[in-house]
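# Survey of secondary and tertiary structure
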Amino acid sequence: MALQSLPSSRMAPLAILLGLLMAACFTFCLSHQNPEFALTNPEKSSTKETERKETKAEEELDAEVLEVFYPTHEWQALRPASQAGLMQSNKIGQAVPAGSHVRLNLQTGEREAKLQSEDKFRNNLKGKRLDINTNTYTSQDLKSALAKFKEGAEMESSKEDKARQAEVKRLFRPIEELKKDFDELNVVIETDMQIMVRLINKFNSSSSSLEEKIAALFDLEYYVHQMDNAQDLLSFGGLQVVINGLNSTEPLVKEYAAFVLGAAFSSNPKVQVEAIEGGALQKLLVILATEQPLTAKKKVLFALCSLLRHFPYAQRQFLKLGGLQVLRSLVQEKGTEVLAVRVVTLLYDLVTEKMFAEEEAELTQETSPEKLQQYRQVHLLPGLREQGWCEITAHLLALPEHDAREKVLQTLGVLLATCRDHYRQDPQLSRTLASLQVEYQALASLELQDGEDEGYFRELLGSVNSLLKELR
């Protein structure tokens, strides 16, 4: 149908539609011809353009031949401009090694360069310089130099590792070689348990000489100081073998057997219980009650003290077997002053143990703890009074050694409630205390003159004064 035949009312909308189509086509054509008119991000467009320019500049720089600038310790003028990279280069191709000192001379307006006082770059590249026969090289040469530098560092690191490994091998030997050498020498590495079994077998062997038995006991004492080893000695029957050694007719065997037992009993309840059941307490008291060398009695008394401390059941058995009578006879013998001080120390420890148990029960508010019940069955203080220990301890205060006097004063203090009447009726004790008061006052004054804050003799003087005050 021809356009002229259409009425004018329908021609107007068609004309508007045709105009819109022509405008759309015109805009589409412009956007393909010039990207700036397209609906794009102008920031991204500028970034892409910059990247293209930089890439083009780098390609031109890679193809460029650079002239090398060799700095010295004196300032030298550079060509008009420089750029920084692995090497610094100017516009006409001159390259300056990185790390060089570059400055701008304000008088001439020129850039100058020289080596720094410590040329780290030259030191790092020492032994790794490029083999360049010409005075110019390209950026590809620089990349190759950097790769070789890294390879050289890795080679140097590997050399250091090898040197360190060689030093370790020189100082230490592999465990396989050590085992092989021990096998060749017939050396067997034994555990403590194995050593103790071997020592007990040597001591118990009838073919062993007296010297070998004493040596076995001496070595065994070293091991049983450890609680676990002492319990291991019990586990394979070695403890009973040593206890039976107290019956030996040789005084040295008795002495060193008691030495081993004292080390094994010390703060080891399990071993203490087995020792009581094995008859150790009776054998120790028999040795102390009979005529034996003083050295043997020292070791036996050591074993007895280790067995009785912190073991109320053993203390009760000790009293039943007449242990206080045995100790009284021991301290009254001539030449046994050393043993007397140890006996007094033992009595002091046993009395204070029971006192501490009662105080602990009061603090914990336990009406009948098992430990306290055991200590209440040990009637030590009445036994001490009955056996005359109030008089014995008072007379021991006349010993000349200050250490012995200190222990006797401590024992007199804990026995004061039990022995107060006897102490007041003993004129010799009063004279001894008065003499010690004068002596320790003089010694305490000397301590004050020397500027000592805590004086040993002042403590002794305090103990003497306290006893004198209680006995008045």
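Just above sits the structure.
The model shown is predicted, which means the values in this text are computed figures rather than measured ones.

What counts, and at which threshold
- Residues numbered from 1 in each chain as written.
- Predicted model: local features only at pLDDT ≥ 70, side-chain atom pairs only at ≥ 80, totals over all residues.
- Heavy atoms only, no water.
- Helix = DSSP H or I, 4+ residues; strand = E, 2+ residues; numbered from the N terminus.
- Contact = heavy atoms within 4.5 Å.
- Buried < 20%, exposed > 50% of the residue type's maximum accessible area, 1.4 Å probe, protein only.
- Phe/Tyr/Trp six-rings, centres within 6.5 Å; stacked < 30°, edge-to-face > 60°.
- Lys NZ or Arg CZ within 6 Å of the ring centre and 35° of its normal.
- Pairing = 2+ DSSP bridges.

## Here's the deal with the environment of Val378
Within the secondary structure layout, Val378 lies in the loop between helix H17 (370-376) and helix H18 (380-386). Separated by 65 residues in sequence, Val378 and Tyr313 have C-alpha atoms that sit 8.0 Å apart. If sequence neighbours within four positions are ignored, Val378 has contacts with Pro312, Gln315, Arg316, Leu319 and Lys354.

## So, helix H5 (residues 175-184)
Spacing of three or four residues puts side chains on the same side of an α-helix, whose turn is 3.6 residues. H5 sits mainly on the outside: zero of its 10 residues count as buried. Remark: Asn186 follows H5 within two positions and exhibits a positive phi of approximately 60°.

## Some details on the packing of aromatic side chains
Enumeration over the complete set of coordinates arrives at six aromatic pairs. Considering the side-chain rings of Phe311 and Tyr313, the 6.2 Å spacing of their centres and the 40° angle between planes classify their relative orientation as tilted. Summarising the aromatic geometry, the rings of Tyr456 and Phe457 are spaced 5.4 Å apart at their centres and angled 70° between planes, so their arrangement reads as edge-to-face. Here Phe457 falls in the buried class, since its relative accessible area comes to 19%. Lying across the ring of Trp75, Arg103 places its NZ or CZ 4.1 Å from the centre.

## Quick word on the side chain of Gln292
Take Gln292: it is sitting in the loop between helix H12 (280-289) and helix H13 (294-308). Ignoring sequence-local partners within four residues, the contact set of Gln292 consists of Lys254, Ile287 and Lys297.

## Section: the pairing of strand E6 (residues 111-114)
Bridging between strand E2 (residues 76-77) and E6 involves two bridges; their strand directions are antiparallel. Its bridge partner being in E6, Ala77 is matched across the sheet by Glu112. As paired elements, strand E5 (residues 101-104) and E6 share four bridges and run antiparallel to each other. Residue Val102 lies in a different strand from E6, and its bridge partner there is Ala113. Linkage of E5 to E6, two consecutive antiparallel strands, is achieved through a turn of six residues, within which Gly109 is found at a positive phi near 80°.

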